[in-house]
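Descriptive analysis of the structure
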Amino acid sequence: MRAALVLFTALTACNVVDPVDVTEFVNEGTLCTNANGDVVVDWQTCLSSSCDTLTDAECTATLDGTDLALESYGRIESQGLECTDDCGFAVATCTLPTIADPTQITVTHGTTTVTLSDLPDCSI
């Protein structure tokens, strides 16, 4: 019995798993508009396909008169020490309601406040 316990302990000790690092983004990031007219929150983070997983990418938009409030959340889990150099984007898309005149809409996202028409086009 003791030999079985020693063998089990030795086998499980060899099966060490790299810890998972978690990065979260709450109401932060660079804003731009995509071809559909929606707002994209870009967390300006490069994801390695071999080490990083974007587990959550959420964005909601609430229009109240001329005020557009955006709330975003992103979560990245990273694991591994030898990662590939490829670069995936970490973004979330906010689907907007129909807006007749974007020059009249003020967007608020975290500490950022900008007129909707002043957001740049996304180049991603």
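In this report, the structure presented in the accompanying data block is examined. (Residues numbered from 1 in each chain as written. Predicted model: local features only at pLDDT ≥ 70, side-chain atom pairs only at ≥ 80, totals over all residues. Heavy atoms only, no water.)

1. Focus: unusual backbone geometry
Most peptide bonds are trans, and most residues other than glycine sit at a negative phi. Even without being a glycine, Asn27 presents a positive backbone phi close to 50°. By the secondary structure assignment, Asn27 is in the loop between strand S1 (21–26) and strand S2 (30–33). Even without glycine at this site, Gln44 takes up a positive phi of about 50°. (Helix = DSSP H or I, 4+ residues; strand = E, 2+ residues; numbered from the N terminus.)

2. Observations regarding the pattern of salt bridges
All chains considered together, the criterion is met by 2 salt bridges. Salt-bridge contacts for Glu24 lead to Arg75; the nearest nitrogen and oxygen are separated by 3.7 Å. Taken as a pair, Glu24 in strand S1 and Arg75 in strand S5 (residues 67–78) lie far apart in primary sequence, 51 residues in all. Glu24 gets classed as partly exposed once you look at its relative accessible area, which sits at 44%. With its nearest N and O atoms 3.0 Å apart, the salt bridge here joins Arg75 to Glu77. In this structure Arg75 comes out as partly exposed when scored by relative accessible area, which is 22%. Residue classification places Glu77 among the partly exposed positions, given a relative accessible area of 27%. One network of salt bridges, with partners in common, ties together Glu24, Arg75 and Glu77. (Salt bridge = Lys/Arg side-chain N within 4 Å of Asp/Glu carboxyl O. Buried < 20%, exposed > 50% of the residue type's maximum accessible area, 1.4 Å probe, protein only.)

3. What about the state of the cysteines?
Taken as a whole, this structure holds 4 disulfides when the rule is applied. What pairs with Cys46 in a disulfide is Cys87, and their sulfur atoms sit 1.8 Å apart. One end of the pair, Cys46, is in strand S3 (residues 39–47); the other, Cys87, is in the loop between S5 and strand S6 (88–94), with 41 residues separating them in the sequence. For Cys46, a relative accessible area of 41% puts it in the partly exposed group. Disulfide partner of Cys59: Cys94, at an S-S distance of 1.5 Å. (Disulfide = S-S within 2.5 Å.)

4. Some points on the environment of Ala35
Considering the arrangement of structural elements, one finds Ala35 in the loop between S2 and S3. Distance in space between the C-alpha atoms of Ala35 and Cys122 is 8.0 Å, their sequence separation being 87 residues.

5. A look at the packing of aromatic side chains
Scanning the entire structure with this criterion turns up 1 aromatic pair. Taking the centre distance of 5.6 Å and the plane angle of 15° together, the rings of Phe25 and Trp43 count as stacked. Linking Phe25 in strand S1 with Trp43 in strand S3, this pair joins segments that are 18 residues apart in sequence. Residue Phe25 shares its accessibility class with Trp43, and that shared class is buried. (Phe/Tyr/Trp six-rings, centres within 6.5 Å; stacked < 30°, edge-to-face > 60°.)

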